[in-house]
Amino acid sequence: MAVRNLDDSNRLFAVEVDMENRTPEEIAKDAALQIGALFDKLIKEQQEKDDQNIV
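Criteria and cut-off values
- Residues numbered from 1 in each chain as written.
- Predicted model: local features only at pLDDT ≥ 70, side-chain atom pairs only at ≥ 80, totals over all residues.
- Heavy atoms only, no water.
- Helix = DSSP H or I, 4+ residues; strand = E, 2+ residues; numbered from the N terminus.
- Expected span 1.5 Å × (residues − 1).
- Contact = heavy atoms within 4.5 Å.
- Buried < 20%, exposed > 50% of the residue type's maximum accessible area, 1.4 Å probe, protein only.
- Patch = residues over 30% accessible without salt bridge, like charges linked within 9 Å, V, L, I, M, F, W, Y side chains within 5 Å.
- Areas by Shrake-Rupley, 256 points an atom, 1.4 Å probe, with all protein chains shown as cover.
- Salt bridge = Lys/Arg side-chain N within 4 Å of Asp/Glu carboxyl O.

**What to know about helix α1 (residues 24–54)**
Here is step 1 of the chain: Between its terminal C-alpha atoms α1 stretches 45 Å, which fits the 45 Å expected from 31 residues at 1.5 Å a residue.
Here is step 2 of the chain: For α1, the elements touching its buried residues are β1 (2–5) and β2 (13–16).

**Things to note about the environment of Leu 38**
Here is step 1 of the chain: As for its position among the elements, Leu 38 is in helix α1.
Here is step 2 of the chain: Leu 38 gets classed as buried once you look at its relative accessible area, which sits at 14%.
Here is step 3 of the chain: Along the backbone, Leu 38 and Ile 54 are 16 residues apart, and their C-alpha atoms lie at a distance of 25 Å.
Here is step 4 of the chain: Contact partners of Leu 38, with chain neighbours within four places excluded, come to Val 3 and Phe 13.

**Concerning unusual backbone geometry**
Here is step 1 of the chain: Here Asn 21, not a glycine, exhibits a phi torsion of approximately 60°, which is positive.
Here is step 2 of the chain: Accessibility expressed as a relative area gives 74% for Asn 21, which makes it exposed.

**Section: a nonpolar patch on the surface**
Here is step 1 of the chain: On the surface, a cluster of nonpolar side chains totalling about 390 Å² of accessible area is made up of Val 3, Val 15, Ile 35, Phe 39 and Ile 43.
Here is step 2 of the chain: No other element matches α1, which puts 3 residues into the nonpolar patch.
Here is step 3 of the chain: Here Val 3 shows up in strand β1.
Here is step 4 of the chain: Classification of Val 3 as partly exposed rests on a relative accessible area of 32%.

**Side note on the pattern of salt bridges**
Here is step 1 of the chain: Scanning the entire structure with this criterion turns up 2 salt bridges.
Here is step 2 of the chain: Note that Glu 45 is salt-bridged to Lys 41, the shortest N-O span being 3.8 Å. Residue Glu 45 and its partner Lys 41 are both found in helix α1; the two are separated by 4 residues, about one turn of the helix.
Here is step 3 of the chain: The partly exposed category is assigned to Glu 45, whose relative accessible area is 27%.

See below:
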């Protein structure tokens, strides 16, 4: 499982989920957790950029 950046602009990402021997619910849960973590990371990065622009 991994989230990969597909371009240099930080606008396109791919979520990789291991699907072998797993139920659709497990796969969906893992993908949703990764997407949530990605959004948390992007929000934090944006807040840091915004903070730098304020100072």
